[in-house]
Amino acid sequence: MPRKYYPPIVVNNERMLIDGCDLEEIAKGFGTPLYVTSSNRIRENFDRLRKALSNNFKNFEIKYAVKANSNPHIISVFSELGSGADVSNLNELNLALKGGIPSEKIMLTSNNLHQSEMDEIAKQNIAINFDDIGQLERMKAKLPDLISFRFNPGTGHGYFPGITTGGVKTKFGILEDQILDAYRKAKDLGAKRFGFHYMEGSGILDPQVFRNTFSKAMEVMLRIQEKLDIEFEFIDAGGGLGVPYRPEEEPLDIAEVFSAFRSVFDKNKVDNENLKIIIEPGRYLVADTTVLIGQITNIKNSSEFFVGTDIGMSTLLRPALYGAYHEISLVNKFIGENGPKCTVVGPVCETSDIIGVDRLLPDPEIGDLIIVYNTGAYGYSMSSQYNGNVRPAEVMIVNGAPKLIRIRETFQDLISKVTP
Ligand code: LLP
């Protein structure tokens, strides 16, 4: 009896399926390692989020954080759903436009870009969320219509220290003692329309954290509004909605998050008609839409039971970079109680090239297909050519059929930019 599989995989007659397509057939057709995305699951995630927001707000917007996966085919699913986009540089902006997101729904939150890149971005007249006062001053010749600053609430939360973006030790945003001056400067420079933004971290699973920081941000925003006699049009709570990666983790209660936001509006007597709420999720929308399929290339039973695969830290960096946990199972071989405890590793010459430790896999053998879950967010987008590896292919199931949405790189891609 099958025992262990996660969305977007379903099992029918002992076969693993993704949006109705046989996973093993997909792997045979496109090779491994391979990222396989369910477009149905993207829609489900987006609809669930939209519904939870609309239960509390009339005036809201979801902007998909394209850094999570910037393939224009994936972005185009979001544009069909009416999503906007959060982008962090000119290339991401162009990817969002290529994916069909209209410029009026795109907001840039960047830091430390070259002035020439900022000038290029300004030509598109998208909303710009400034990271500091200097960045705004350098743009004064062509200020965008709508201006916001990224507020650093002075506290940070995140699943790992490396993905905690708020707090006094991080490079992001403007701390409370300077935020009023920032908006005053913007007003002095002639800015007319304003928004307020913050983001304290990524991968947060506790609704209380969202409530506390939202409440703090609202308080600071309202103080600025009063002191400077300006009207804020939106408050943007950034991304950060976490997803469970470990089997014992519970999904984030988004209903609780947004009803807490609502109560902050109510407590402060803020009318949602006048103040739009924006969120910019990446992980929540795409993490569990995608599995990474690899193949077992070697078994080494030594100090540990090493299961060697073609998935390396160049394919999926998160475990090596953050110590991130991703569920692993075998394709069409289901977990038994007594599988060996495996250390699943890749082909890169680094000790940190580990995909998972202490995993019970049922009788793993060379040639078996292996599946790594929750790889839709920051999976492909953080892959690299390290160690002479090529980036993998990406497939998305569209209208019930697998569609190649990115070709696997070849040796040519490793040398195409090398001068003769
Ligand atoms: N908006 C801004 C301004 C951001 O900096 C981020 C993520 C997001 C939205 C989306 O956050 P999300 O909803 O995905 O938490 N590479 C790391 C995640 C880094 C996130 C950085 N900023 C990982 O693999 O976990």
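So, how was this worked out
Residues numbered from 1 in each chain as written. Predicted model: local features only at pLDDT ≥ 70, side-chain atom pairs only at ≥ 80, totals over all residues. Heavy atoms only, no water. Helix = DSSP H or I, 4+ residues; strand = E, 2+ residues; numbered from the N terminus. Buried < 20%, exposed > 50% of the residue type's maximum accessible area, 1.4 Å probe, protein only. Contact = heavy atoms within 4.5 Å. Salt bridge = Lys/Arg side-chain N within 4 Å of Asp/Glu carboxyl O. Near = heavy atom within 4 Å. Polar contact = N/O pair within 3.5 Å; in protein donor to acceptor, adjacent residues only side chain to side chain. Areas by Shrake-Rupley, 256 points an atom, 1.4 Å probe, with all protein chains shown as cover. Nonpolar A, V, L, I, M, F, W, Y, C, P; charged D, E, K, R; others polar. Expected span 1.5 Å × (residues − 1). Arc of directions from axis to C-beta. Pairing = 2+ DSSP bridges.

Caption draft 1: Examining the environment of Tyr245 more closely. If you trace the backbone, Tyr245 turns up in the loop between β11 (232-236) and α9 (254-267). On the basis of relative accessible area, Tyr245 is assigned to the buried category, the value being 6%. Residues Tyr245 and Gly388, 143 residues apart in the sequence, show an inter-C-alpha distance of 29 Å. If we skip the residues at most four places from it in the chain, Tyr245 touches Arg283, Ala287, Arg318, Tyr325, His326, Glu327 and Asn374.

Caption draft 2: Representation of the pattern of salt bridges within the structure. Across all of its chains, the model carries 22 salt bridges by this definition. Between Arg223 and Glu219 there is a salt bridge whose closest N-O contact spans 3.2 Å. Residue Arg223 and its partner Glu219 are located together in helix α8 (residues 207-228), separated by four residues, close to a single helical turn. On the accessibility criterion, Arg223 (36% relative accessible area) is partly exposed. Linked by salt bridges that have partners in common, Arg15, Asp22, Glu24 and Lys28 make up one network.

Caption draft 3: Quick peek at the site of the ligand. With respect to spatial proximity, 19 residues lie near the ligand, and among them Ser202, Glu280, Arg283, Arg318 and Tyr378 are the closest. The side chain of Arg283 places a nitrogen or oxygen atom 2.8 Å from an oxygen atom of the ligand. The protein chains hide 92% of the 580 Å² of surface that the ligand would expose on its own. Its residues assigned to classes, the shell around the ligand shows seven nonpolar, six polar and six charged.

Caption draft 4: Fine view of helix α2 (residues 39-54). With 16 residues, α2 should reach 22 Å at 1.5 Å per residue; the first-to-last C-alpha distance of 22 Å fits that figure. Within α2, the full set of buried residues consists of Ser39, Arg41, Ile42, Asn45, Phe46, Leu49, Ala52 and Leu53. Down the axis of α2, the smallest arc covering the buried residues is 165°, so these residues share one side. In this structure Ser38 caps α2, since a side-chain oxygen of it lies 3.4 Å from the backbone nitrogen of Asn40.

Caption draft 5: Up close: the sheet that holds strand β2 (residues 15-18). A sheet is described by the order of its strands in space; here three strands give the open sequence β1-β2-β3, paired in antiparallel fashion. Whereas interior strands pair on both sides, the edge strands pair on one side only; in this sheet they are β1 (9-12) and β3 (21-22). Here β1 pairs with β2 via four bridges, running antiparallel. Its bridge partner being in β2, Val10 is matched across the sheet by Leu17.

Caption draft 6: Geometry of the environment of Asn45. Mapped onto the elements of the fold, Asn45 is located in helix α2. In this structure Asn45 comes out as buried when scored by relative accessible area, which is 0%. With 242 residues separating them in the primary sequence, Asn45 and Ala287 have C-alpha atoms 9.8 Å apart. Residues in contact with Asn45, not counting those within four places in the same chain, are Tyr284, Leu285, Asp288 and Thr289.

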